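What the coordinates show
Below, each chain spelled out in residue letters.
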Amino acid sequence: MRASVDEAACTGCGLCTDVCPGVFVMDGDVARAKMSELPETLEGCAEDAADGCPSEVITVE
Ligand code: SF4
């Protein structure tokens, strides 16, 4: 699976980095994914972050 953030639309709320710090990191005022290809162990939390993102700008597929 892959994770990505539409950084142009991210509001920088920090939810994803709280929910899944193994995948998401704040980069200035926005979040980004640390890696594109997710290890299996992090897929669940990446999906939880995507589900919780209030701006719906995280794609995990
Ligand atoms: S949860 Fe969504 S809006 Fe909030 S920092 Fe992460 S990607 Fe940005």
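What comes next is a walk through the structure. None of these values were measured; they are calculated from a predicted model. (Residues numbered from 1 in each chain as written. Predicted model: local features only at pLDDT ≥ 70, side-chain atom pairs only at ≥ 80, totals over all residues.)

A few points about the site of the ligand
- Around the ligand, 14 residues are found, and the nearest of them are Cys 10, Cys 13, Leu 15, Cys 16 and Cys 53.
- Of the residues assigned to the shell around the ligand, the class counts are 10 nonpolar, 4 polar and no charged. (Near = placed C-beta within 6 Å. Nonpolar A, V, L, I, M, F, W, Y, C, P; charged D, E, K, R; others polar.)

A short note on the environment of Met 35
- Locating Met 35 in the fold gives a position in the loop between β3 (30–33) and α2 (40–52).
- Judged by the 11 C-beta atoms lying within 10 Å of it, Met 35 is exposed.
- As for Met 35 and Arg 2, which are separated by 33 residues in sequence, their C-alpha atoms are 8.1 Å apart. (Helix = DSSP H or I, 4+ residues; strand = E, 2+ residues; numbered from the N terminus. Buried ≥ 20, exposed ≤ 12 C-beta atoms within 10 Å, placed from the backbone.)

A few points about α2
- Burial in α2 covers these residues: Leu 42, Ala 46, Ala 49 and Ala 50. Each buried residue of α2 lies within a common arc of 95° when the element is viewed along its axis, so the set occupies one face. For α2, the exposed residues lying more than 90 degrees away from the buried face are Glu 40, Gly 44 and Asp 51.
- Buried residues belonging to α2 abut β1 (3–5), α1 (15–19), β2 (24–27) and β4 (58–60). (Arc of directions from axis to C-beta. Contact = placed C-beta atoms within 7 Å.)

Overview of the nonpolar core
- Counting residues in hydrophobic clusters, the biggest one holds 17 residues, and the most contacted among them are Val 23, Ala 46, Ala 49 and Ile 58.
- When contributions to this core are tallied by element, the ones reaching two or more residues are β1, β3, α2 and β4.
- No other element matches α2, which puts 4 residues into this core. (Core = buried A, V, L, I, M, F, W, Y, C linked by C-beta atoms within 7 Å.)

Concerning the pairing of β3
- Across the two faces of β3 the burial differs, with Ala 31 and Ala 33 buried and Val 30 and Arg 32 not buried at all.
- Across 4 bridges, β2 lies against β3 in antiparallel orientation. Pairing of Phe 24 across the sheet is with Ala 33, part of β3.
- Counted between consecutive antiparallel strands, the loop separating β2 from β3 contains 2 residues, among which Gly 28 sits at a positive phi close to 70°. (Pairing = 2+ DSSP bridges.)

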